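# Close look at the chain arrangement
What follows is each chain in one-letter form.
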Number of protein chains: 2
Amino acid sequence: MNIQPPRTRIQRKNTQAILEAALLVFSRHGFRGATLDQIAAAAGLSKPNLLYYFPSKEAVHVTLLSQLMDTWLDPLREMDPDGEPVEELLGYVRRKLQMSRDFPRESRLFANEILQGAPRMQEVLATDLRKLVDEKVTIIRGWAAAGKIADIDPHHLIFSIWALTQHYADFDVQVRAVLGEDRDPFAEAETFLRTLFTKLLRP
Amino acid sequence: MNIQPPRTRIQRKNTQAILEAALLVFSRHGFRGATLDQIAAAAGLSKPNLLYYFPSKEAVHVTLLSQLMDTWLDPLREMDPDGEPVEELLGYVRRKLQMSRDFPRESRLFANEILQGAPRMQEVLATDLRKLVDEKVTIIRGWAAAGKIADIDPHHLIFSIWALTQHYADFDVQVRAVLGEDRDPFAEAETFLRTLFTKLLRP
DNA sequence: TATTGTTTTGACCATCTGGTCAAGATCACG
DNA sequence: CGTGATCTTGACCAGATGGTCAAAACAATA
């Protein structure tokens, strides 16, 4: 039972290492597929030592997920109601794609959780996430009403951004298998997605 | 070790029940997250009885995946080189979305496998899937060259179809949490995706 | 250096899980 | 029926896994 801000230097270092390792292992194998031994080893600790910092496997997972939710929604939060509509939306797409490129493990951790029916997140999805989305949906609807962008369903517009950007992280293996070794999926995706959303949003 | 076409009536019935149950359990919990007891119970059998029909947990999973691969690619195979380009592509999108609606467990099973790095499918992806995609990519390129559709990267066009349609099956929980109870995600998605791809493909 | 609080670990435990096996129940067919 | 083949199951096993604990190692501070 350790309090929120780790007090000592050692605690800070080790909890950090554990979360780092857990992210790696959970994102590849899912919650049940990951073992404490694996995580401990990846963090350079023994299993009992890991359990000195977190009370249970579940606790590590929960900590990871709640930390994730924050950073995960940042790109959407940044969308500015007063900006140039098309620019704002394309910016969101670009930031989200960058997150897929730079934080693929986080993306897969999230995907794993949702795939299993979101047993540990349904609450957050139905409250926090929904509220944030509703907020942005209103903004987008306003833009459409003002004729700044095409009149399309804002919810599904957001879904399409999520689906298209996360696909490159979550299905990375498949994308690379199909494209072959010599291509850079993320570089190409950036161009492609800019084109796609430009066409979609044009009034 | 039982041969391909189950001989007796009972064998046919039970292998069927096992695969059905395994699909349900594997798609929700992933390979390691699923237990033989769970699958056996869902199939209405005892664990040793299940193992009478399949030599191991792995064998059930592999059987499921290889059966899946076939039906999974059918919609893409159906795309006709001699058809009207835009119609063919929109038809593919429609069929793929229907599969997400009608076979969400299959979609999640597949997603789970890819998320874990496709340990049991990398081979098939890099050979069969890649070959099929390359074939269709050539066709699409032809359509673009002939000015029948916009000049966009065919690989990423296909990825975008996969991402957008499978999202509604794999992230169903999230979609419903955000949309609320009273909406029909798949019905709305059909309209939205028709609009999206119509705009994208217009030369 | 002595003392106190923090960190680490080896040994251990209970439970779960994939899988085996021999014996019994059921079925198909002459 | 009767008999051989197919099907089913309870009991069991070995290894893995999440978690505990007491004692040892270490750090910090006086």
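Shown above is the structure to which this text applies.
Residues numbered from 1 in each chain as written. Chains lettered and ligands numbered in written order. Predicted model: local features only at pLDDT ≥ 70, side-chain atom pairs only at ≥ 80, totals over all residues. Heavy atoms only, no water.

### Points about the protein's contact with DNA strand C
Looking at DNA strand C, there are 19 residues lining it, with A:T8, A:Q11, A:Y53, B:R9 and B:K57 nearest. By atom count, sugar and phosphate contribute 63% of the portion of DNA strand C lying within 4 Å of the protein. Residue A:Q11 places a side-chain N or O atom 2.8 Å away from a phosphate oxygen belonging to DNA strand C. Separating a phosphate oxygen of DNA strand C from a backbone N or O atom of B:L36 is a distance of 2.8 Å. The residue inventory of the surface near DNA strand C, partitioned by class, reads eight nonpolar, seven polar and four charged. (Near = heavy atom within 4 Å. Polar contact = N/O pair within 3.5 Å; in protein donor to acceptor, adjacent residues only side chain to side chain. Nonpolar A, V, L, I, M, F, W, Y, C, P; charged D, E, K, R; others polar.)

### Some points on the interface of chain A and chain B
Many authors give the size of an interface as the accessible area that is lost as the parts come together. Listed by partner, the interface residues are 55 residues for chain A and 55 residues for chain B. With both chains or domains summed, chain A and chain B bury close to 4800 Å², and 67% of this area falls on carbon and sulfur atoms. The largest per-residue losses of area from chain A upon contact with chain B belong to A:L115, A:H156 and A:V178, which jointly make up 15% of the total buried on that side. Taken together, chain A and chain B are joined by two salt bridges. The salt bridge partner of B:R183 is A:D153, with a shortest N-O separation of 3.1 Å. The tally of links between chain A and chain B comes to 18 residue pairs in polar contact (both at pLDDT 80 or more). (Contact = heavy atoms within 4.5 Å. Buried area = accessible area lost by both parts, 1.4 Å probe. Salt bridge = Lys/Arg side-chain N within 4 Å of Asp/Glu carboxyl O.)

### Re the packing of helix 7 (residues 122–145) of chain B against helix 8 (residues 154–170) of chain B
Residue and element names in this part refer to chain B. In the contact formed by helix 7 and helix 8, the axes pass within 9 Å of each other and the chain directions differ by 115°. Every pair of crossing elements has a handedness; the one defined by helix 7 and helix 8 is right-handed. Contacts between helix 7 and helix 8 involve L129, V133, D134, K136, V137, I140 and R141 on the former and, on the latter, P154, H155, L157, I158 and W162. Of the residues assigned to the contact of helix 7 with helix 8, the class counts are eight nonpolar, one polar and three charged. (Axes fitted to C-alpha atoms, helices over the stretch in contact; angles between N-to-C directions. Helix = DSSP H or I, 4+ residues; strand = E, 2+ residues; numbered from the N terminus. Left-handed = near helix turned anticlockwise from the far one by under 90°.)

### A look at the nonpolar core
Counting residues in hydrophobic clusters, the biggest one holds 145 residues, and the most contacted among them are A:F197 and B:F197. Dropping the residues within four chain positions of it, B:F197 is found in contact with B:L90, B:V93, B:L157, B:S160, B:I161 and B:L164. (Core = buried A, V, L, I, M, F, W, Y, C linked by side-chain atoms within 4.5 Å. Buried < 20%, exposed > 50% of the residue type's maximum accessible area, 1.4 Å probe, protein only.)

### Notes on unusual backbone geometry
Residues and elements named next belong to chain A. Phi angles above zero are rare outside glycine, and A118 is one such case at about 55°. Here A118 lies in the loop between helix 6 (104–115) and helix 7 (122–145). Of the residues examined, A118 reaches a relative accessible area of 0% and is grouped as buried.

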